[in-house]
Amino acid sequence: MAPGGRGRRLGLALGLLLLVLAPRALRAKPTVRKERVVRPDSELGERPPEDNQSFQYDHEAFLGKEDSKTFDQLTPDESKERLGKIVDRIDNDGDGFVTTEELKTWIKRVQKRYIYDNVAKVWKDYDRDKDDKISWEEYKQATYGYYLGNPTEFHDSPEHQTFKKMLPRDERRFKAADQDGDLTATREEFTAFLHPEEFEHMKEIVVLETLEDIDKNGDGFVDQDEYIADMFSHEENGPEPDWVVSEREQFNEFRDLNKDGKLDKDEIRHWILPQDYDHAQAEARHLVYESDKNKDEKLTKEEILENWNMFVGSQATNYGEDLTKNHDEL
């Protein structure tokens, strides 16, 4: 193997492990809450204030998570100009107003595009025979090949347990995404593999993996201490932050539905995949509520541009410019 080959392969494998896990949980500092809910609650007036008034949550919903990071380059005037072009695209019927429904449609399209662009970026790394499909063997060799071929090198390393755990877990998820059972993933099936939270037939895998991640004592349930430990860990002795105390109350009052002191699969599903919550609808309502100056429940371009900082901040960009063009996938 060429110099650096092992490190490169490890980086690829561990990088993909993070990619696979990323949609389900946000890793953060010990004193900062980690969120597992696929569609976090955000009712009007109840969302905590953003740090530095950055409106980062809104930017990511309106522009896409990855691409919103590029929106720090432009002047306010440039941002407003490009935002205006985006508004013209959101106004589907061309009546000069942006409704909650039009915003909801836009946010769903942005999310869909982010997911499929994400898959396109990694596709060539796994489609080794270039047949526009990815077999389980192709994925396994690209991700775990060096580990499988050189097990003694990993025996005493931290990566050994990670690979040992993730290989069967990836295989289980791959088979769940492979709806025709041929152990070969089309682009749609591979998208379901990488982003299971977006596909109805993958929801049970999301629930199962969440349970496995949090259930440290292996009893098949999540007790309150495990629930809290997944979000927060004490680096030193001291009182719990107020939000942790609040989360314990949330566990008792709203998560533990049958009041037996622990969460089963159904209760975990109810927690992380709430059936009555539409992320795009809630965010669209929030944006309209905050920007609708005359309270007619729809936005003019002027109202949006007046509140441009909530939509794009000091940003708007290459992605904003790109979104003004026509894209079949949107």
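What you see is a predicted model; the values in this text were computed from it and never measured.

Concerning the overall build of the chain
Inference 1: Counting secondary structure elements, the chain contains 17 helices and six strands.
Inference 2: For the chain, the accessible area works out to roughly 17400 Å², and carbon and sulfur atoms hold 49% of it.

Regarding the packing of helix 5 (residues 100-126) against helix 9 (residues 187-194)
How two helices sit against one another is set out by the angle between their axes and by the gap between those axes.
Inference 1: Contact pair helix 5 / helix 9: the axes reach a minimum separation of 10 Å and the direction vectors enclose 105°. By the angle between their axes, helix 5 is roughly perpendicular relative to helix 9. For the pair helix 5 and helix 9, contact is made by Ile-115, Tyr-116, Asn-118, Val-119, Ala-120, Val-122, Trp-123 and Tyr-126 and by Arg-187, Glu-188, Phe-190, Thr-191 and Leu-194, respectively.
Inference 2: Residue composition of the contact of helix 5 with helix 9, grouped by class: nine nonpolar, two polar and two charged.

A short note on helix 6 (residues 136-149)
Inference 1: In this model, helix 6 (14 residues) spans only 17 Å end to end at C-alpha, well below the 20 Å of a helix rising 1.5 Å per residue.
Inference 2: Its axis deflected by about 65° at Thr-143, helix 6 carries its strongest bend there.
Inference 3: With respect to burial, helix 6 is a largely interior element, ten of its 14 residues being buried.
Inference 4: Here helix 6 has its buried residues at Trp-136, Glu-138, Tyr-139, Lys-140, Ala-142, Thr-143, Tyr-144, Gly-145, Tyr-146 and Tyr-147.

Examining the pattern of salt bridges
Two side chains carrying opposite charge are able to pair once their charged atoms lie near each other.
Inference 1: On inspection of all chains with the given rule, the structure shows 18 salt bridges.
Inference 2: Salt-bridge contacts for Arg-187 lead to Asp-132; the nearest nitrogen and oxygen are separated by 3.1 Å. Of this pair, Arg-187 sits in helix 9 while Asp-132 sits in the loop between helix 5 and strand 2 (134-135), and the two are 55 residues apart along the sequence.
Inference 3: Of the residues examined, Arg-187 reaches a relative accessible area of 38% and is grouped as partly exposed.
Inference 4: For Asp-132, a relative accessible area of 42% corresponds to the partly exposed category.
Inference 5: In this structure, a network of salt bridges that share partners links the residues Lys-165, Arg-169, Arg-172, Arg-173, Glu-209, Glu-212 and Asp-213.

Some words on unusual backbone geometry
Inference 1: Positive phi is not limited to glycine here, since Asp-132 has a value of about 65°.
Inference 2: For Leu-183, which is not glycine, the phi dihedral falls at a positive 60°.
Inference 3: Following the sequence through the fold, Leu-183 ends up in the loop between helix 8 (158-177) and strand 3 (184-185).
Inference 4: Overall, Leu-183 belongs to the partly exposed group, its relative accessible area being 39%.

Focus on the nonpolar core
Inference 1: Counting 25 residues, the largest nonpolar core has Tyr-126, Tyr-139, Phe-174, Phe-190 and Phe-193 as its most contacted members.
Inference 2: Looking at this core, the elements with two or more residues in it are helix 5, helix 6, helix 8 and helix 9.
Inference 3: Sort the elements by how many residues they give to this core and helix 6 lands first, with six residues.
Inference 4: If sequence neighbours within four positions are ignored, Phe-174 has contacts with Ile-134, Ser-135, Trp-136, Tyr-139, Leu-183, Thr-184, Ala-185, Phe-190 and Phe-193.
Inference 5: By size, the runner-up hydrophobic cluster in this structure holds 20 residues, among which are Leu-83, Val-87, Ile-304 and Val-312.

Looking at the UniProt feature "domain: EF-hand" (unreviewed entry) in the chain
Inference 1: Here the UniProt feature "domain: EF-hand" (unreviewed entry) sits at residues 78-113, 114-149, 165-200 and 202-237.
Inference 2: In residues 114-149, helix accounts for 75% and strand for 6%; the two terminal C-alpha atoms are 34 Å from one another.

Quick look at helix 11 (residues 224-231)
Inference 1: With respect to burial, helix 11 is a largely interior element, six of its eight residues being buried.
Inference 2: Of all the residues in helix 11, the buried ones are Gln-224, Glu-226, Tyr-227, Ile-228, Asp-230 and Met-231.
Inference 3: In the core, the buried residues of helix 11 are packed alongside helix 10 (203-214), strand 4 (222-223), helix 12 (242-255), strand 5 (262-263) and helix 13 (265-272).
Inference 4: Backbone nitrogen of Asp-225 and a side-chain oxygen of the N-cap are separated by 3.2 Å at the start of helix 11; the cap is Asp-223.

What counts as what
Residues numbered from 1 in each chain as written. Predicted model: local features only at pLDDT ≥ 70, side-chain atom pairs only at ≥ 80, totals over all residues. Heavy atoms only, no water. Helix = DSSP H or I, 4+ residues; strand = E, 2+ residues; numbered from the N terminus. Areas by Shrake-Rupley, 256 points an atom, 1.4 Å probe, with all protein chains shown as cover. Axes fitted to C-alpha atoms, helices over the stretch in contact; angles between N-to-C directions. Parallel < 35°, antiparallel > 145°, perpendicular 65-115°, else oblique. Contact = heavy atoms within 4.5 Å. Nonpolar A, V, L, I, M, F, W, Y, C, P; charged D, E, K, R; others polar. Expected span 1.5 Å × (residues − 1). Bend = angle between axes of the 7 residues up to and from the residue. Buried < 20%, exposed > 50% of the residue type's maximum accessible area, 1.4 Å probe, protein only. Salt bridge = Lys/Arg side-chain N within 4 Å of Asp/Glu carboxyl O. Core = buried A, V, L, I, M, F, W, Y, C linked by side-chain atoms within 4.5 Å. UniProt positions renumbered as here; feature names shortened; annotations may be inferred. Polar contact = N/O pair within 3.5 Å; in protein donor to acceptor, adjacent residues only side chain to side chain.

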